[in-house]
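Now for the letters of each chain:
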Amino acid sequence: MKKMAVSFLFLFTFFIAQAQPPVSLNSSEILLRLKKLNVLGSVLYIAAHPDDENTRLLAYLANEKLYRTGYLSITRGDGGQNLIGDEQGTELGLIRTQELLSARRIDGAEQFFTRAYDFGFSKSTEEAMEKWNKELILGDVVWVIRKFQPDVIITRFPEDSRAGHGHHSASAVLAHEAFVAAADPQRFPDQLKKGVQPWQARRIVWNTFNFGGNNTQSDDQFKMDVGGYNTLLGKGYGEIAAESRSQHKSQGFGVAAQRGSAWEYFSPVAGEAPKADLMDGVETGWERAASFGVLDRLQLPHLVNTIINGFSFEHPEKSVSGLAKLYKMIADESGLSAYWKEQKLKEVLGLIQSCSGLFFEATAHEAYIAGGDSLRVNINIVNRGGLNISAKVIAPFSYSFSDPLPANQLVAYTQTIFVPVNMPVSQPYWLEKELNEGHFIVDDQLLIGLPESPPAYVMTLSAKIDNQVFLFSTPVRYKYTDPVRGEVYQPLPVVPALSLNESPQFVFTRLNRHPVSNIKLNVTALTASLQKAKTQYYQYEYKGDKLVKNSILADTALSLRKNDAVSYVLKTSDILKKTKEKALRFFADLTAPYKERYQSYTIRKIEYAHIPAITYFYLNKVKIIEDEIITAGKKVGYITGAGDRVPEALQEMGYEVSFLNQKDIVAGSLNGFDAIVTGVRAYNVNDWLNNVYDALMDYVKKGGNLVVQYNTRNFSGPLNAKIGPYPFEISRGRVTDENAAVHFLQPADPVLNWPNKISSKDFEGWIQERGIYFAEAPDKAYKSILGMKDPGEEEQHGSLIVGRYGSGRFIYTGLVFFRQLPAGIGGAYRLFANLVANPNLQKTNGTAKKE
């Protein structure tokens, strides 16, 4: 953070949210932020995942106590499930990152992350630390503490098994160790070369809880009531918390608002225990930031109070002169703490803009740009408060508006700029390199902790107000009008010149003994400048740890307009003769102006209404699956659940997939399907499945094959649906060790023998976990097919249960096919093909016998 002083010119650069629309505060919100100017305290909350944070406590600390409040989530929640779509892994992490940022905009806290990857449910602290690389992630927590400089650190979880999840307990261990290490200049000394200093928080406490049948609270713990009502905001902290927590829509965490008194309890972990106040022993006024005699000379608290007492709700612009004086006073004073000087100047700058009513934005009509393109930037500015303001744009181009800006009149200017050919693409910084098993690889220390990458283009406005020049910044955003949502702002990403997309994602070399399918290479131009550009397409392979060209697949001249596409069919059998790679990667070389740049990314856009659009890029690949896979039957009905990519896997195996809803499922209407499969959590998210239970059971009884993938016992309330022909319960049982040994309890059952003979080899190479939400207490009419366990636990038998009913078969499985099939695990395909294969087909030579 740097200060530039030239004729009272001050520039502060700080993280800018890419897609947040221009913020306009009402007078109540302005007054609350004015009060915050006299508060110099900070609290950092630490937990493992998005949605672990206590949003009511965050809202209280940020808006009642007016502390600088932050939430450090160790992971981005990549390993969770997804209620709203089929994104998993890093894509789900991208969604949950934006959901957290949406939550923080509501509750007033700030958001931070480490490089840890959420690899899925963990049953031990030790496993989490080992996979994450404990020392690496501990360094990240130390870095955030040294930058944020919290007076108090709060953990959501304890360091033992009461945390209920290895990630949870590990987050508490990391927080405790970082509390000590952050103050030690011998720990992570390289960080001290990047602008931070050792920092000792006053205390670290555990925010105890009472949920999930686990009460860790007691009357002898320090407690405080956080259920107050903020008259300026017109909301209680329980109401703000509910709105904040309900942003976690991918996790189905919409909650009702709570009103009235609400107590939070805290157990001391290290440092002096609080007795009367969370900030016991911490000076939270200007005294902490000023050298001896500075406050006597400057009277900063008095000046702030004068501004507060003179604040006019109807004319907030009258406070600008006092704020400008305060800004200069803080900026010029060398006897103030650098940390609080930086924070308070940032706060005052924002208040000057809000009180003056100065509105400005920089937008584009294009959803994305590529290197070599021209970008039209539209600048709109309105002096809504009517003050004497002169303004000029100084980045990304220079332009001076008429002096002074007219009162409450829109002033617009448009200029076209050239995007350099070598402009970096807008990749989320933690995805720029391939993922290590347990953490992202980020080499730039200054990026670590940031919730997202800085925007590609930022407009900087120089405004002269009250004889001082201030620099305000805002990202250049894509803006459009949606007929339903109205005015919409989205990030403006820089994209590569080409997007390559290969299909199919998997090539089966031994699927029903059919010939190997060819690969279709789809090429889409993302720039307007691809005219007569010579292009060569290569298949690459690894030799050692280097990616090298293997063979030229096509050599052509491209003349494509923006968004035009062309396709090439590549003969897979010829490619496989030249390589032993099991994952085929394809690259493109372009001539000038893109010479020697690999235009090889696949562009992916994720869009949901509750978060900004997400654009990222990945190196696509076609995976070769050499396992022999035999299918039986042709037609599968699929009942969509919370979202998964199992239907695509079925189509890749050659099935005709029909998506079924309530009106499609009536008695006698399902006889044409060889199998019906329900998506993950289908019974949790489709209440209407209760209404079609009889029709589904009629289908099974008459020879059908119904496969139900996992559901949860508690998901927005208890699971009330009847699922199978005989009773069973859904437990929270799971096996998180993806390499856990699998025992065949019913080795002669058809699901292990037809049409594929299943062996232990089919469980090799699985990712993240074996299964979740296993069946328990099944009726004796069911057979438990598989046994498996995590280390140190008893074997569980509920991952796959099968029951005959009439002439048909019912299956419930907690095996995570929704993860294994999109990952191209051949053994999972073989087993799933057996589950889908109607056993009646074995008796009728391919045609299911229906009664």
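Above: the structure in question.
Residues numbered from 1 in each chain as written. Predicted model: local features only at pLDDT ≥ 70, side-chain atom pairs only at ≥ 80, totals over all residues. Heavy atoms only, no water.

**Some words on helix 3 (residues 90-107)**
An ideal rise of 1.5 Å per residue puts 26 Å on 18 residues; helix 3 measures up with 26 Å between its terminal C-alpha atoms. Most of helix 3 is tucked away, with 15 of its 18 residues classed as buried. One or two steps after helix 3, the chain reaches G108, where phi turns positive at roughly 90°. (Helix = DSSP H or I, 4+ residues; strand = E, 2+ residues; numbered from the N terminus. Expected span 1.5 Å × (residues − 1). Buried < 20%, exposed > 50% of the residue type's maximum accessible area, 1.4 Å probe, protein only.)

**As for the packing of aromatic side chains**
For the structure on display, the rule yields 35 aromatic pairs. Where Y726 meets Y805, the ring centres are 5.8 Å apart and the plane angle is 85°; that geometry is what we call edge-to-face. You can see Y726 sitting in the loop between strand 36 (705-709) and strand 37 (729-730) and its partner Y805 sitting in strand 42 (residues 800-805), a full 79 residues away along the chain. Classification of Y726 by relative accessible area gives partly exposed; the value is 22%. With a relative accessible area of 23%, Y805 lands in the partly exposed category. An aromatic cluster is defined as three or more aromatic residues linked by ring pairs; in this entry it consists of Y726, F728, Y782, Y805, F810 and Y812. Over the ring of W263 we find K223; its NZ or CZ atom is 5.1 Å from the centre of that ring. (Phe/Tyr/Trp six-rings, centres within 6.5 Å; stacked < 30°, edge-to-face > 60°. Lys NZ or Arg CZ within 6 Å of the ring centre and 35° of its normal.)

**Thoughts on the nonpolar core**
A general tendency of soluble globular proteins is for nonpolar side chains to be buried together. The biggest cluster of nonpolar side chains holds 76 residues, and the ones touching the most others in it are L650, L696, Y812 and F832. Among the elements that make up this core, the one with the highest residue count is helix 17 (residues 826-836) (seven residues). Excluding residues that lie within four positions of it along the chain, Y812 makes contacts with V708, Q709, Y710, N711, F728, I730, Y773, F774, A775, S799, L800 and I801. One finds L25, A289, I417 and M459 within the second-largest nonpolar core, a separate group that totals 65 residues. (Core = buried A, V, L, I, M, F, W, Y, C linked by side-chain atoms within 4.5 Å. Contact = heavy atoms within 4.5 Å.)

**Details of the sheet that holds strand 6 (residues 203-208)**
The strand order across the open sheet formed by seven strands is 4-3-2-5-6-12-9, and the pairing between neighbours is mixed. Every interior strand has two partners, whereas the edge strands, strand 4 (110-113) and strand 9 (222-225), have only one. Averaged over neighbouring strand pairs, the angle between their axes works out to 30° when direction is ignored. With six bridges joining them, strand 2 (residues 42-47) and strand 3 (residues 68-73) adopt parallel strand pairing. Bridge pairing in strand 3 places A47 opposite S73. (Pairing = 2+ DSSP bridges. Axes fitted to C-alpha atoms, helices over the stretch in contact; angles between N-to-C directions.)

**So, the environment of K577**
One can find K577 in helix 12 (residues 572-578). Judged by relative accessible area, K577 falls into the exposed class, the value being 70%. When the C-alpha positions of K577 and D466 are compared, they lie 74 Å apart, and in sequence the two are 111 residues distant.

**Looking at the packing of helix 4 (residues 125-132) against helix 6 (residues 166-181)**
At a minimum axis separation of 7 Å, helix 4 and helix 6 run at an interaxial angle of 70°. Overall, the two elements helix 4 and helix 6 adopt an arrangement that is roughly perpendicular. For the pair helix 4 and helix 6, contact is made by T125, A128, M129 and W132 and by G166, H167, S169, A170, V173 and L174, respectively. Residues belonging to the contact of helix 4 with helix 6 are distributed by class as follows: six nonpolar, four polar and no charged. (Parallel < 35°, antiparallel > 145°, perpendicular 65-115°, else oblique. Nonpolar A, V, L, I, M, F, W, Y, C, P; charged D, E, K, R; others polar.)

Function cannot be inferred from these measures alone, as they are strictly geometric.
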